[in-house]
Amino acid sequence: MAELAESADAHWTQKKEEVSSSRPIEFTVWLISHLPLWLVGLLAFPISFFYFACSKRARDESRAYQNRLLRYTADRGDCIKRPHVYKHIVSFALCIIEKIEGWCGKIDFNKIALQKDDVKSLIDQLDRKKGALLIGSHLGNIEMLRSLAEYGRTGVSHYVPVTAILNLNTTKKFNNTIKSINPHVQLNIINADEINAGTISLLMDRIDEGGLVVIAADRTSFNTADRAIIENFLGKPARFSYGAFLLAALLKAPTYFVFALREKTLMLTPRYSMHVHKTGIAFDCPRAEREARIKRLCREYVALLEQYCIMYPLQWYNFFNFWTENENRKEA
């Protein structure tokens, strides 16, 4: 889990990994390899209680987010009724376990419930060996698709290579453990802080070859935070990644928003719903129109992210002050 004991004003990329050793993650891998998955999930509850008790920052950020959600949905009656901080942390722990399960090849495609949305369009496109850009988030389990694709479990008739754009500076121990499980995965990861013209050319080639490029748009890079797009999210201005939407403009590839969400918050044997939305915003336009379309694409993404946060309130895993202004945590 990410370190949550830094100052409230620190950018999320400045937070260190809380665990000083990779042994806890390696032990989790061992458990997943030797025990029934439901039993590993059960262990998340006592582990989460320890984290809940010891990390004031985790409690504060979880409560602040949930109270914001409560205020935003007060007149709707279709969201959480009060903050559930411990359940939120358990949900996060289960997500980490499920990510490792995915990279261990323990998650089957039949545990993914596809919706009547644009998933058929995406599968048909991939079947024709036409690639796409997928924009995800830290709501739910964005790595589900990557791990399934690595084992050829996508519903597509052939293997689909997936290139992920990640910030590699914040979860080195977790990434190194995943690499030890599947050494090939490191070949398909690009550091978000090292994107340049050569990288864009490489990504274009991978899409032309029928692959997927995946990026999350709900965290800004520390180096480019001043270029973030400000959009209202759950009633307050928040920063979203300009680079993720600029990437869509540069690649000019079919772009989909993807959310993989646990059907129930606390499930010992996970079953996920995969939601896929294709944007109609294209970038076959004069350069002068590009910025306006980038902002429209971001607004479309934020509207969907907001919708799914309301539907799955305890699967939001941005444990830091996501909004632009500093707030009094005592009110949250």
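For the structure itself, consult the block above.
Residues numbered from 1 in each chain as written. Predicted model: local features only at pLDDT ≥ 70, side-chain atom pairs only at ≥ 80, totals over all residues. Heavy atoms only, no water.

Caption draft 1: Spatial organisation of the overall build of the chain. A count of helices and strands for the chain gives 10 helices and 9 strands. Across the 332 residues in the chain, those meeting the buried criterion constitute 54%. For the chain, long-range pairs separated by at least 24 residues make up 76% of all intrachain contacts whose partners lie at least 6 apart in sequence. (Helix = DSSP H or I, 4+ residues; strand = E, 2+ residues; numbered from the N terminus. Buried < 20%, exposed > 50% of the residue type's maximum accessible area, 1.4 Å probe, protein only. Contact = heavy atoms within 4.5 Å.)

Caption draft 2: Representation of the packing of helix α4 (residues 85-103) against helix α6 (residues 143-150) in the model. Their axes nearest at 8 Å, the elements α4 and α6 cross at an angle of 15°. Judged by the angle between their axes, α4 and α6 are roughly parallel. Viewed along their axes, α4 and α6 form a crossing whose handedness is left-handed. Contacts from Lys99, Gly102 and Trp103 of α4 reach α6 at Glu143, Arg146, Ser147 and Glu150. (Axes fitted to C-alpha atoms, helices over the stretch in contact; angles between N-to-C directions. Parallel < 35°, antiparallel > 145°, perpendicular 65-115°, else oblique. Left-handed = near helix turned anticlockwise from the far one by under 90°.)

Caption draft 3: Fine view of the pairing of strand β6 (residues 229-233). In β6, alternate side chains face the same way, and those of Ile229, Glu231 and Phe233 are buried while those of Ile230 and Asn232 on the opposite face are not. Taken together, the 5 bridges between β6 and strand β7 (residues 236-240) define a ladder with antiparallel strand orientation. Paired with isoleucine 229 across the bridge in β7 is phenylalanine 240. Between β6 and β7, which pair antiparallel in sequence order, lie 2 residues; one of them, leucine 234, sits at a positive phi of approximately 55°. (Pairing = 2+ DSSP bridges.)

Caption draft 4: View of the pattern of salt bridges. Scanning all chains against the criterion turns up 11 salt bridges. Notably, a salt bridge pairs glutamate 143 with lysine 99, separated by 4.0 Å at the nearest N-O pair. Within this pair, whereas glutamate 143 is found in helix α6, its partner lysine 99 is found in helix α4, the two being separated by 44 residues in sequence. For the pair formed by glutamate 143 and lysine 99, the shared burial category is buried. For arginine 146, the salt bridge is made with glutamate 143, and the minimal N-O distance between the two is 3.7 Å. (Salt bridge = Lys/Arg side-chain N within 4 Å of Asp/Glu carboxyl O.)

Caption draft 5: Structural detail: the packing of aromatic side chains. Applying the stated criterion across every chain yields a total of 18 aromatic pairs. Pairing phenylalanine 49 with tyrosine 86 gives two aromatic rings, centres 6.2 Å apart and planes at 75°, and the pair type is edge-to-face. Here phenylalanine 49, found in helix α2 (residues 37-54), pairs with tyrosine 86, found in helix α4; they are 37 residues apart in sequence, far enough to count as distant. Here the aromatic cluster, defined as three or more aromatic residues joined through ring pairs, consists of Tyr65, Phe233, Phe240, Phe245, Phe257, Tyr301, Trp316, Phe320, Phe322 and Trp323. Geometry around tryptophan 323 places arginine 68 over its ring, the cationic atom sitting 4.0 Å from the centre. (Phe/Tyr/Trp six-rings, centres within 6.5 Å; stacked < 30°, edge-to-face > 60°. Lys NZ or Arg CZ within 6 Å of the ring centre and 35° of its normal.)

Caption draft 6: Examining the environment of phenylalanine 233 more closely. Inspection of the secondary structure puts phenylalanine 233 in strand β6. For phenylalanine 233 and leucine 69, which are 164 residues apart along the polypeptide, the C-alpha to C-alpha distance reads 9.8 Å. Residue contacts for phenylalanine 233: discarding those within four places in its chain leaves Arg68, Ala238, Phe240, Val302, Leu305, Glu306, Cys309, Trp316, Phe322 and Trp323.

Caption draft 7: Region of interest: the packing of helix α8 (residues 197-208) against helix α9 (residues 242-251). Interaxial distance between α8 and α9 falls to 10 Å at its minimum, and their mutual angle equals 65°. Considering how the two elements wind past one another, α8 and α9 form a crossing that is right-handed. Contact residues: α8 offers Ile200, Leu203, Met204 and Ile207, while α9 offers Leu247, Leu250 and Leu251. Of the residues belonging to the contact of α8 with α9, the class tally is 7 nonpolar, no polar and no charged. (Nonpolar A, V, L, I, M, F, W, Y, C, P; charged D, E, K, R; others polar.)

Caption draft 8: Inspection of the environment of threonine 324 at higher detail. Structurally, threonine 324 can be placed in the segment after α10 (287-311). With 86 residues separating them along the chain, threonine 324 and alanine 238 place their C-alpha atoms 5.2 Å apart. Not counting residues within four places of it along the chain, the set of residues in contact with threonine 324 comprises Ile230, Pro237, Ala238 and Arg239.

Caption draft 9: Just the environment of lysine 116, in detail. With respect to the helices, strands and loops of the structure, lysine 116 is situated in the loop between β1 (112-114) and α5 (119-127). With a relative accessible area of 90%, lysine 116 lands in the exposed category. Sequence separation between lysine 116 and histidine 275 is 159 residues, and the spatial gap between their C-alpha atoms is 8.6 Å.

Caption draft 10: Representation of the sheet that holds strand β5 (residues 212-216). With mixed pairing, the 7 strands of this open sheet are ordered in space as β1-β9-β8-β2-β5-β3-β4. Sheet topology places β1 and β4 (189-191) at the edges, where each strand pairs with a single neighbour. Going from strand to strand, the sheet's axes swing by 25° on average, the running direction of each strand aside. The sheet contact formed by strand β8 (residues 255-262) and strand β9 (residues 272-278) spans 7 bridges and is antiparallel. Its bridge partner being in β9, phenylalanine 257 is matched across the sheet by histidine 277. Packing of α10 onto the sheet brings it into contact with β2 (132-136), β8 and β9, and relative to β8 it is tilted by some 15°.

Caption draft 11: Representation of α5 within the structure. Within the sequence span of α5, burial applies to Val119, Leu122, Ile123, Gln125 and Leu126. All buried residues of α5 lie within an arc of 160° about the axis, which places them on one face of the element. (Arc of directions from axis to C-beta.)

Caption draft 12: Focus on unusual backbone geometry. With a phi angle near 60°, lysine 129 is a residue other than glycine that sits in the positive phi range. Along the chain, the position of lysine 129 falls in the loop between α5 and β2. A positive phi is found at lysine 252, a non-glycine position, where the angle reads about 50°. Tracing the backbone shows lysine 252 in the loop between α9 and β8.

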